[in-house]
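# Remarks on the overall topology
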Amino acid sequence: PGSDANPYLAMAASLAPRTFGELLDPLGGAVGLAQRTICVLHERSFRDDATRILRVVRYATRLGFRIERRSARWLRRDLGYLQSISPARIHREIVRTAEEETGAKALLQALRLGVLDALDGAIDRPQTRYALSRASRQTLPSSALIAVMLYALPLGTRGRAVQRLGLTRRQASFVTLCRRLRDAEGRMADLQGSALFSLASETGVEAAAVGAVASVSPVVRAKLAW
């Protein structure tokens with residue numbers, strides 16, 4: 001994986017007059033395309049730039065491809081190298097992923113592969129898996145999807161995760177609003193109509209949409225969806 005515009009940088013077309021248009025493919029990228037697989041170019045690829053770990057998951061999910069077996073093994077082996085990446089670069093890759101139509105599926109795949117755990121161990125929890133799975137069945141803006149990913153974090157770990165992911169002030173404030181809504185879930189069971197709407201209005205419709213996906217309570221999810 002290279003850039004978003006051109007994940008197969010090792011392929012090219014000849015511009016020489018005698019071989020014009022001939023595919024130059026020294027590393028077998030065309031075979032990978034035909035087999036619907038994505039692979040890195042060499043064993044140290046993720047070590048040279050660990051943000052490729054996030055990109056390879058994004059590309060595979062976007063295209064409906066699978067990650068080639070050796071590349072997947074190297075990915076898991078080199079997850080620790082994500083700690084060498086600055087929050088600003090992590091933020092850029094997370095936002096790009098969340099902005100995609102398949103963003104929730106990509107984040108869920110990242111969680112399953114241990115990528116999110118490598119970024120911050122507090123994120124990898126069953127509630128987050130279920131929340132991202134539900135989010136993958138609908139369309140959410142990127143800020144809401146990031147909030148879904150962090151909704152289940154205990155209060156004491158949320159700030160660390162926000163810092164590690166390099167969230168902007170606005171994104172961090174929205175995560176806090178969603179957390180406030182989560183803290184109010186215990187009051188929702190007996191609320192109906194205007195009382196429920198009034199409570200949800202304290203944090204806003206956008207936060208309510210996050211809770212409608214991320215809450216562990218089916219009753220709360222239904223009420224917030226309403």
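Quick caveat, the model's predicted, so the values are computed rather than measured. (Residues numbered from 1 in each chain as written. Predicted model: local features only at pLDDT ≥ 70, side-chain atom pairs only at ≥ 80, totals over all residues. Heavy atoms only, no water.)

### Here's the deal with the overall build of the chain
Within the chain, the secondary structure is distributed over 14 helices and four strands. Taken over 226 residues, the chain has a buried fraction of 47%. In the chain, of all internal contacts separated by at least 6 residues, the share reaching a separation of at least 24 is 68%. Carbon and sulfur atoms make up 53% of the accessible area of the chain, which totals about 11800 Å². When the 34 basic and 20 acidic side-chain charges of the chain are each reduced to a single mean position, those positions are 2 Å apart. (Helix = DSSP H or I, 4+ residues; strand = E, 2+ residues; numbered from the N terminus. Buried < 20%, exposed > 50% of the residue type's maximum accessible area, 1.4 Å probe, protein only. Contact = heavy atoms within 4.5 Å. Areas by Shrake-Rupley, 256 points an atom, 1.4 Å probe, with all protein chains shown as cover. Lys, Arg positive; Asp, Glu negative; His and termini not counted. Charge placed at Lys NZ, Arg CZ, Asp CG, Glu CD.)

### Brief notes about the packing of aromatic side chains
For the structure shown, the criterion picks out zero aromatic pairs. Arg58 extends its terminal NZ or CZ atom over the ring of Tyr59, reaching a point 5.8 Å from the ring centre. (Phe/Tyr/Trp six-rings, centres within 6.5 Å; stacked < 30°, edge-to-face > 60°. Lys NZ or Arg CZ within 6 Å of the ring centre and 35° of its normal.)

### Some words on the nonpolar core
Counting residues in each nonpolar core, the largest one holds 69 residues, and the members touching the most others are Leu75, Met149 and Leu150. It is helix α9 (residues 142-150) that provides the largest number of residues to this core, a total of seven residues. Sequence-distant contacts of Leu75, that is, excluding residues within four places in its chain, are made with Phe46, Ile53, Val56, Val57, Ile67, Leu113 and Val115. (Core = buried A, V, L, I, M, F, W, Y, C linked by side-chain atoms within 4.5 Å.)

### Quick look at empty space enclosed by the protein
In the structure shown here, the tally under the stated rule is one cavity of 30 Å³ or more. Along the walls of the largest cavity sit Leu54, Val57, Ile94, Thr97, Ala106, Leu107 and Ala110, which together make up its complete lining. For the lining of the largest cavity, the secondary-structure elements that each account for two or more residues are α3 (51-63), α5 (87-99) and α6 (103-112). Broken down by element, the residue count for the lining of the largest cavity peaks at three residues, all from α6. Class assignment for the residues of the lining of the largest cavity results in six nonpolar, one polar and no charged. (1 Å grid on protein atoms, 1.4 Å probe; cavity = no way out; pocket = protein on both sides within 12 Å on 5 of 7 lines; lining within 4 Å. Points joined across faces, edges and corners; volume = space filled by probe spheres on them. Nonpolar A, V, L, I, M, F, W, Y, C, P; charged D, E, K, R; others polar.)

### Structural notes on the pattern of salt bridges
Considering all chains together, one arrives at 14 salt bridges under this definition. Note that Arg89 is salt-bridged to Asp49, the shortest N-O span being 3.0 Å. Of this pair, Arg89 sits in helix α5 while Asp49 sits in the loop between α2 (45-48) and α3; the two residues are 40 residues apart in sequence, bridging distant segments of the chain. Taking the shortest distance from any N to any O, the salt bridge between Arg96 and Glu93 comes out at 3.8 Å. Within this pair, Arg96 and its partner Glu93 are both found in helix α5, separated by three residues, close to a single helical turn. Among the charged side chains, a network of salt bridges with common partners joins Asp49, Arg55, Arg58, Arg62, Arg89, Glu93, Arg96 and Glu100. (Salt bridge = Lys/Arg side-chain N within 4 Å of Asp/Glu carboxyl O.)

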